[in-house]
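Chain by chain, the residues run as shown.
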Amino acid sequence: AKAMVLSDDVVVAASAGHPLASATSVRWKDLVQQRWCLPVAGTLMRDHLQQVLAARHLPLPAHYVETSDMAMVSALFALGPWVTLVPRRVALRHLAAPTGTVLPVAVPDARDSVGMIWNEALPMRPTARLFRDLALRRLTGGITRT
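Note that the coordinates shown come from a computational prediction; the quantities given were computed from them, not determined experimentally. (Residues numbered from 1 in each chain as written. Predicted model: local features only at pLDDT ≥ 70, side-chain atom pairs only at ≥ 80, totals over all residues. Heavy atoms only, no water.)

Draft legend 1. Structural view of the nonpolar core. Core analysis: the biggest nonpolar cluster contains 19 residues, and V12, W28, L31, W36, L85, L103 and V105 have the highest contact counts within it. Of all the secondary-structure elements, those providing two or more residues to this core are strand 1 (10–15), helix 1 (28–31), strand 2 (36–38), helix 2 (44–55) and strand 4 (83–87). In terms of residues, this core owes the most to one element, helix 2, which gives four residues. Ignoring anything within four residues of it in the chain, the contact list for W36 reads V12, W28, L31, L49, P61, H63, Y64, V65, W82, V83, T84 and L85. By size, the runner-up hydrophobic cluster in this structure holds eleven residues, among which are V73, F77, W82 and L95. (Core = buried A, V, L, I, M, F, W, Y, C linked by side-chain atoms within 4.5 Å. Buried < 20%, exposed > 50% of the residue type's maximum accessible area, 1.4 Å probe, protein only. Helix = DSSP H or I, 4+ residues; strand = E, 2+ residues; numbered from the N terminus. Contact = heavy atoms within 4.5 Å.)

Following this line, the structure appears as structure tokens:
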């Protein structure tokens, strides 16, 4: 069973002065030629980017830095033309104008899940217990374990 708690689409963001920032349409073939702030290997965004590129038979960008630190990405965006792949909420919070912009390119949805593990023998913090109970209610259609 699945229960949606939070969902966000994924976007490609570019620095405000990037040549693609004013484009009306952007192709993945052109994106891999750009300088990238690649998400760190092993993260959801890096795995998703690799899947998107592999589906299009494209390589990872050759010119990149690896960082998932949005303060670093924002600083790089201020220094020159860079692109990155991030959830839309992250782009709006950290990479919006005047720092950057979302590029007009379709990005498939990222598939991800979050699990919760707890030890019945240990007391749980009240907020964690409330979240667990909410998730269990949504997953079981109203039946809650205690």
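Now, onward.
Draft legend 2. Looking closely at the side chain of D133. By secondary structure assignment, the location of D133 is in helix 5 (residues 126–140). Overall, the relative accessible area of 14% leaves D133 in the buried class. Reaching out from D133, the side chain makes a polar contact with the side chain of R132 at a distance of 3.0 Å. (Polar contact = N/O pair within 3.5 Å; in protein donor to acceptor, adjacent residues only side chain to side chain.)

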